[in-house]
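Commentary on secondary and tertiary structure
Chain by chain, the residues:
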Amino acid sequence: TKTILPVVALDDVFGIIAFGIAMSVAKLSVGVADHSLFQMLSEPVIEIGGSGILGIILGILLVFIVKKAKDHDEVQVITLAAIGIATGLSMKLGFSPLLTNIFMGTTLVNLKQNSKRVFGAVNDFTPVIYVLFFTLAGASLNLSVLASVGAVGVAYVIARAGGKILG
């Protein structure tokens, strides 16, 4: 499990990067883009790079602030506040909240000697965070689009569910 968690996070990073590039190429190929080729290709780079820079900066700040925290509750509040700030700032700036938080956590792990203290403090809230994350992600899901794509969309959903179940 110690090896698989970073691999899953890295998989998420590559998935977000690939999605951003694929979305730009799809807009360009369909002809709905009002931007030049340079703008279409630079948007994912700016989103990814901005998320990385913001996450690293916030991760460094988090390391310094957590060093001064004395007890478990303080670390918990500071860490949850940092996650909220990272998410809010990244959304305001048009970056990926998931990538920003991944970069922030990666920075924390690499700079803080006892990073388990921080992650242990947040583990109490992990189920709540999962519920909020998947609720917000599902709230933007438009099921009527599935009907418009027809058999291909239904086949995709079935194949994806089958892959998850078998995996």
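Whatever comes next refers back to the structure up there.
An account of the accompanying structure is given in this report.

Once that is clear, we can look at the nonpolar core. Membership of the largest hydrophobic core comes to 15 residues, with the highest contact counts inside it found for L62, V66, V75 and M104. Considering each element in turn, this core owes the most residues, 5 residues, to helix 2 (residues 37–68). Residues within four places of L62 in sequence aside, it is in contact with I78, T79, A82, M104 and L108.

So, about the side chain of S90. Mapping S90 onto the fold places it in helix 3 (residues 72–93). Since its relative accessible area comes to 0%, S90 is described here as buried. A distance of 2.9 Å separates the side chain of S90 from the backbone oxygen of A86, its partner in a polar contact. Of note is the side chain of S90, whose polar atom sits 2.9 Å from the backbone oxygen of T87. Here S90 is in contact with L54, F95, S96, P97 and T100, once residues within four sequence places are set aside.

Before going further, it helps to examine helix 5 (residues 115–122). Taken together, the buried positions of helix 5 are S115, V118, A121 and V122. Around the axis of helix 5, the buried residues are gathered within 130° of arc, so they sit on the same side.

Side chains of I4, L5, V7 and V8 sit close together on the surface and give an oily, nonpolar patch of about 370 Å² of accessible area. Along the chain, L5 turns up in helix 1 (residues 4–30). Assessed through its relative accessible area of 61%, L5 is described here as exposed.

Between helix 4 (residues 97–111) and helix 5, the least distance of the axes is 8 Å, while the angle of their chain directions is 140°. The angle between the axes of helix 4 and helix 5 places the two elements in the oblique class. Residues G105, L108 and V109 of helix 4 pack against S115, V118 and F119 of helix 5. Considered class by class, the residues forming the contact of helix 4 with helix 5 number 4 nonpolar, 2 polar and no charged.

Attention now moves to the environment of I46. With respect to the secondary-structure elements, I46 resides in helix 2. For I46, a relative accessible area of 53% corresponds to the exposed category. Considering only alpha carbons, one finds I46 and F95, 49 residues apart in sequence, at a separation of 8.0 Å. If we skip the residues at most four places from it in the chain, I46 touches S51 and F95.

Moving on, we get to the packing of helix 3 against helix 4. The N-to-C vectors of helix 3 and helix 4 enclose an angle of 140°; their axes lie 8 Å apart at closest approach. By the criterion of interaxial angle, the relationship of helix 3 to helix 4 is oblique. Read as a crossing pair, helix 3 and helix 4 show a hand that is right-handed. Where helix 3 abuts helix 4, its residues A82, I83, A86, T87, S90 and M91 lie against P97, T100, N101 and M104.

Criteria and cut-off values
Residue indices follow the written sequence of each chain, beginning from 1 at its first position. Predicted model: local features are reported for residues with pLDDT of at least 70 only, side-chain atom pairs are reported and counted for 80 or more only, and whole-chain, interface and lining totals are derived from all residues. Side-chain numbers come from the whole structure's heavy atoms, not from hydrogens or water. For our purposes a nonpolar core is just a set of buried Ala, Val, Leu, Ile, Met, Phe, Trp, Tyr and Cys residues, chained together by side-chain atoms within 4.5 Å. With a 1.4 Å probe rolled over the protein chains alone, any residue whose accessible area is under 20% of its type maximum counts as buried; one over 50% counts as exposed, and the rest are partly exposed. Here a strand is any run of E in DSSP of at least two residues, a helix any run of H or I of at least four, and the numbering for each starts at the N terminus. We call two residues contacting when some pair of their heavy atoms lies within 4.5 Å. In protein, a polar contact means a hydrogen-donor-capable atom and an acceptor-capable atom, both N or O and within 3.5 Å, with residues adjacent in sequence counting only if both atoms are side-chain atoms; elsewhere, any N or O pair within 3.5 Å suffices. Working note: the arc is built from the helix axis to C-beta atom directions. Residues qualify for a patch when their relative accessible area is over 30% and they have no salt bridge, like charges being joined within 9 Å and the nonpolar side chains of Val, Leu, Ile, Met, Phe, Trp and Tyr within 5 Å. Note on areas: Shrake-Rupley, 1.4 Å probe, and residue coverage restricted to the protein chains presented here. For this document, the term salt bridge refers to a Lys or Arg side-chain nitrogen within 4 Å of an Asp or Glu carboxyl oxygen. The axes used here are C-alpha line fits, helices contributing only the stretch in contact, and every angle between their N-to-C directions lies in the interval 0 to 180 degrees. Here roughly perpendicular refers to angles of 65 to 115 degrees, roughly parallel to angles under 35, roughly antiparallel to angles over 145, and oblique to all remaining angles. Note that Gly is not counted as nonpolar here; it falls among the polar residues with everything else outside the nonpolar set of Ala, Val, Leu, Ile, Met, Phe, Trp, Tyr, Cys and Pro and the charged set of Asp, Glu, Lys and Arg. When the near helix sits turned anticlockwise from the far one by under a right angle, the crossing is termed left-handed; a clockwise turn instead gives a right-handed crossing.

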